[in-house]
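Per-entry structural report
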Amino acid sequence: MDVNRGLTRSRAANARVGGVTPRGAVLAGLCMLAVGLASCSSKSSSTPTSSGNSGAAPATSTPNSSGGAAPLPGVTATSITVGQVDDLSSPIPGLFKGAEDGTKAYFAYINSKGGVNGRKIHLDAQDSTFQGGQVATATASQTKSDFALVGGFSLLDQAEQPIIDLAHMPDVGISLNPGLVTDPNLYSPVPNPIGDYPLNFFKYFASKYPQAVKKVGIIWESATASTKANEDAVESGMKAAGWKIVYDHGVGPFDTNFLPDIISMRNKGVKLFFSTELPDNYAATLAKQFQQQNFRAINIEAAAYSAQLLKLAGSSANDMYIEQGYALYLGQDAKTVPAVALFDKWMKKVSSDPNFEIESVFGWTAAELFVQALAQAGNPPTRAGLMRALNKVNLFDAGGLIPPSDPAAGVPSGCFLLAQVQHGVIKRVAPTPPTGFYCGNAGFLKERDYKPIVRPSS
């Protein structure tokens, strides 16, 4: 469930509580092209730019396996340049600028400590312009000029897959596309749970509210076959944990009024509402309409965490549960989780108006996973050496910023953080510990077509 929090971003962008602009509504459907990633804030940068080194870094040479000399793209005696492709100028300005900001922030932190093996790390961030051809073109160029791909975030990331496969290019990042999720060249700090769904969250709520989970209402984004497949996986997990769905509504990007849903849920006796796909402004609209209709179902949101949620929802957000796949990175955990304080500090250092959003966490954690492996990739490093090092990373949590997962095997985390809005403040609540995540022992629900990642032998 952790990764299923990014594609509702464009639904949130350009929208306001109680309504959505036509442009924002159309773009919402575009943002659901892949898997249904959720939890994107309604903030976006107004002037996206590609930053870092846009040209090829001078290459050094190292003996290849046959004894000759082979160039190392992006590697010099004092620097390493890595590539990244993001949706920056389109489909809406600044859509995934946070991925670039988070990656830059972690590299700035590492460079302040001298880099890795004496080399500073530079980011070559390119704009997809929301065109698959541009994703492919930029990726092809980066395979020749950059050492690896790190932290990119695009709705069209499937266009890079044949390029990285042909070049055997290490790609350290978050994938939205089902095909790329299981690609042997992709290493994710937050593996996507396609076909291997964690059950801990559902099992916990079934034990906490055994009667309420027998009367569940859900609203989800019905945009593409991929989002439908993702919703099927979510519902399979719910049912396997004993939840009974009595109201199930797939909404379109123009649907901003939930009053008909609330009336239908009341008529069906819904006791618990759950959504993985309503970002802050939509979740706030729903909460306000719950309050207006005196509808008292337990409200669990898995995509609403943002700096704007409480401002938008006001008192209607009180008692709302927030299921979170990350530490409370907006600052609530800064005093107790050092990784959050570090993230907050360096995000502010690299930008006067930092994008504190989930894509920033994706970029930061991808950069951290890359750096961890780079230190063991040889000196000078090689792509094969980087992949050998990545293949040994079977436990990664970015210092507690994210729950522990297995990037080498592509196994997602079954852990989660449960928060609740209490008197206008977002707080950790049981079963979540004061630091870290609740992991339980409920395991995963493997779909019939589930196939584990097979890494090439080295």
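First, a word on what this report is: a plain description of the structure on this page. (Residues numbered from 1 in each chain as written. Predicted model: local features only at pLDDT ≥ 70, side-chain atom pairs only at ≥ 80, totals over all residues. Heavy atoms only, no water.)

1. Notes on the overall build of the protein chain
For the protein chain, the count of helices and strands is 14 helices and 18 strands. Contacts in the protein chain between residues far apart in sequence, at least 24 positions, make up 73% of those at least 6 positions apart. Accessible area for the protein chain stands at about 16,700 Å²; split by element, carbon and sulfur atoms hold 53% of it. (Helix = DSSP H or I, 4+ residues; strand = E, 2+ residues; numbered from the N terminus. Contact = heavy atoms within 4.5 Å. Areas by Shrake-Rupley, 256 points an atom, 1.4 Å probe, with all protein chains shown as cover.)

2. Remarks on the environment of Glu368
Inspection of the secondary structure puts Glu368 in helix H13 (residues 358-374). Judged by relative accessible area, which is 17%, Glu368 ranks as buried. In this structure the C-alpha to C-alpha distance between Glu368 and Gly151, which are 217 residues apart in sequence, comes to 9.7 Å. When near neighbours in sequence (up to four residues on either side) are disregarded, Glu368 contacts Tyr106, Phe396, Ala398 and Gly399. (Buried < 20%, exposed > 50% of the residue type's maximum accessible area, 1.4 Å probe, protein only.)

3. Brief notes about the packing of aromatic side chains
Applying the stated criterion across every chain yields a total of 30 aromatic pairs. With a centroid separation of 4.6 Å and 90 degrees between ring planes, the pair formed by Phe96 and Phe153 is classed as edge-to-face. On the criterion of sequence distance, the pair formed by Phe96 in the loop between strand S5 (79-86) and helix H3 (97-112) and Phe153 in the loop between strand S7 (149-150) and helix H5 (161-167) is long-range, its members being 57 residues apart. Comparing Phe96 with Phe153 shows no difference in burial state: the two are buried. In textbook terms, an aromatic cluster arises when at least three aromatic residues are bridged by ring pairs, as seen for Tyr197, Phe201, Phe202, Tyr204, Phe205, Tyr209, Trp243, Phe274, Tyr321, Phe416 and Tyr438. Lying over the aromatic face of Trp346, Lys349 brings its terminal NZ or CZ to 5.2 Å of the ring centre. Stacked on the ring of Tyr187, the Lys or Arg Arg455 has its end atom at 3.8 Å from the ring centre. (Phe/Tyr/Trp six-rings, centres within 6.5 Å; stacked < 30°, edge-to-face > 60°. Lys NZ or Arg CZ within 6 Å of the ring centre and 35° of its normal.)

4. A closer look at helix H9 (residues 259-267)
Side chains of residues three or four places apart in an α-helix project in the same direction, reflecting 3.6 residues per turn. Among the residues of H9, those classed as buried are Asp261, Ile262 and Met265. Down the axis of H9, the smallest arc covering the buried residues is 100 degrees, so these residues share one side. Of the surrounding elements, those touching the buried residues of H9 are strand S11 (216-221), strand S12 (245-251), strand S13 (272-275) and helix H10 (280-292). With its phi angle positive at about 75 degrees, Gly269 sits one or two positions after the end of H9. (Arc of directions from axis to C-beta.)

5. A look at helix H12 (residues 338-350)
Taking 1.5 Å per residue as the helical rise, H12 with its 13 residues ought to reach 18 Å, and the 19 Å between its terminal C-alpha atoms agrees with that figure. Of all the residues in H12, the buried ones are Ala339, Val340, Phe343, Asp344, Trp346 and Met347. (Expected span 1.5 Å × (residues − 1).)

6. Digging into the sheet that holds S11
Either a parallel or an antiparallel arrangement is found when strands of a sheet pair, and the pairing is made through backbone hydrogen bonds. What the seven strands build is an open sheet, ordered S12-S11-S13-S14-S15-S16-S17; its pairing is mixed. A single partner strand is all that each edge strand has here, and the edge strands are S12 and strand S17 (425-428). Adjacent strand axes in the sheet meet at a mean angle of 20 degrees, parallel and antiparallel pairs treated alike. Against the sheet, H10 engages S13 and strand S14 (298-301), with an angle of about 175 degrees to S14. (Pairing = 2+ DSSP bridges. Axes fitted to C-alpha atoms, helices over the stretch in contact; angles between N-to-C directions.)

7. A few points about the packing of H13 against helix H14 (residues 383-390)
Relative to each other, H13 and H14 sit at 110 degrees, their axes nearing to 8 Å. Between H13 and H14, the interaxial angle falls into the category roughly perpendicular. Contact residues: H13 offers Leu369, Phe370, Ala373 and Leu374, while H14 offers Leu386, Ala389 and Leu390. Its residues assigned to classes, the contact of H13 with H14 comprises seven nonpolar, no polar and no charged. (Parallel < 35°, antiparallel > 145°, perpendicular 65-115°, else oblique. Nonpolar A, V, L, I, M, F, W, Y, C, P; charged D, E, K, R; others polar.)

8. As for the nonpolar core
Counting 94 residues, the largest nonpolar core has Phe107, Ile121, Phe370 and Leu401 as the members making the most contacts within it. Residue contacts for Ile121: discarding those within four places in its chain leaves Ile80, Val82, Phe107, Ile110, Asn111, Val116, Phe370, Val371 and Leu374. Residues Phe202, Val234, Phe274 and Ile300 belong to the second largest nonpolar core, which totals 26 residues. (Core = buried A, V, L, I, M, F, W, Y, C linked by side-chain atoms within 4.5 Å.)

9. A closer look at the pairing of strand S15 (residues 321-324)
Here S15 shows a buried face lined by Tyr321 and Glu323 and a second buried face lined by Ile322 and Gln324. Inspection of the sheet shows S14 paired to S15 by two bridges, in the parallel sense. Its bridge partner being in S15, Ile300 is matched across the sheet by Tyr321. As paired strands, S15 and strand S16 (residues 417-422) are joined by four bridges and run antiparallel to one another. Across the sheet, the residue bridging to Tyr321 is Gln420, located in S16.

By themselves these figures say nothing about function.
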